[in-house]
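Residue-level structure breakdown
What follows is each chain in one-letter form.
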Amino acid sequence: MPLWLDLLRTPMAAPETPALRRMRRTWQGLCLSVALMVGFFAQIHAAIGRAAPCFAAALLVGAGLYTALYLRRKNAADTAFLERAGEPG
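None of these values were measured; they are calculated from a predicted model.

What counts and how
- Each residue is numbered by its place in its chain's sequence as written, counting from 1.
- Totals for whole chains, interfaces and linings use every residue, but because this is a predicted model, local features are given only for residues with pLDDT of at least 70 and side-chain atom pairs only at 80 or more, for both listing and counting.
- For side-chain calculations, the full set of non-hydrogen atoms in the structure is used, while hydrogens and water are omitted.
- Each residue gets a pLDDT score, which is the predictor's confidence in that residue and runs from 0 to 100.
- Counting from the N terminus, the helices are DSSP H or I runs at least four residues long and the strands are E runs at least two residues long.
- Inter-axis angles, ranging from 0 to 180 degrees, are taken between N-to-C directions of lines fitted to C-alpha atoms, where helices are fitted over the stretch in contact.
- Here is the rule for angles: anything less than 35 degrees is roughly parallel, anything more than 145 is roughly antiparallel, 65 through 115 is roughly perpendicular, and the remaining ranges are oblique.
- Two helices cross in a left-handed way if the nearer one is turned anticlockwise from the farther one by less than a right angle. They cross in a right-handed way if the turn is clockwise.
- As a working rule, the residues Ala, Val, Leu, Ile, Met, Phe, Trp, Tyr, Cys and Pro are called nonpolar, Asp, Glu, Lys and Arg charged, and the rest polar, with Gly in that last group.
- Only Phe, Tyr and Trp rings take part, Trp by its six-membered ring, and two of them pair if their centres are within 6.5 Å. Stacked means planes under 30 degrees apart, edge-to-face means over 60, and tilted covers everything else.
- Side-chain atoms within 4.5 Å link the members of a nonpolar core, which is a set of buried Ala, Val, Leu, Ile, Met, Phe, Trp, Tyr and Cys residues.
- Only protein chains enter the accessibility calculation, which uses a 1.4 Å probe; a residue is then buried when its area is under 20% of its type maximum, exposed when over 50%, and partly exposed in between.
- Should any heavy atoms of two residues lie within 4.5 Å, those residues are considered in contact.

Describing the confidence of the model for the protein
For the protein, per-residue confidence averages 87 on the pLDDT scale, and 85% of positions sit at 70 or higher. Confidence scores differ between elements of the protein, with helix α1 (residues 3–9) showing the lowest mean pLDDT of 68 and helix α3 (residues 41–48) the highest of 96.

Here we look at the packing of helix α2 (residues 18–39) against helix α4 (residues 51–85)
Helix-helix packing is characterised by the crossing angle of the two axes and by the distance between the axes. Contact geometry of α2 with α4 gives a least axis separation of 9 Å together with a crossing angle of 150°. Taken together, α2 and α4 sit at an angle that is classed as roughly antiparallel. Like other packed secondary-structure pairs, α2 and α4 cross with a definite hand, here left-handed. Considering only residue class, the contact of α2 with α4 consists of 16 nonpolar, 4 polar and 3 charged.

Points about the packing of aromatic side chains
All chains considered together, the criterion is met by 1 aromatic pair. Ring centres of W27 and Y70 lie 5.9 Å apart, and the angle between their planes is 15°; this geometry places the pair in the stacked category. Within this pair, whereas W27 is found in helix α2, its partner Y70 is found in helix α4, the two being separated by 43 residues in sequence.

Structural notes on the nonpolar core
In this structure, L20, M23, L30, V34, M37, A56, L59, A63, Y66 and Y70 together form the largest nonpolar core, which totals 10 residues. Breaking this core down by element, the ones donating at least two residues are α2 and α4. Look past the residues within four positions of A63 in its chain and what remains in contact with it is L30 and V34.

See below:
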């Protein structure tokens, strides 16, 4: 398995709760959706017309907001894990 694919499947710090796992996978899906939207924008614009820029903007804003939410919750989980493990935060 390529390293980049293995890293996508692996949590980065504290043991991952099911809720954080869902958030991480949702976040990865949003990032993939943004990449597909950028890569295939001309085709999407041709298919759905004037709604494409609005859809792209909504996707970008949603991905940005969800990133902030995920990072905040992940940081809180990592901090709590490190405090339970006895390491200074």
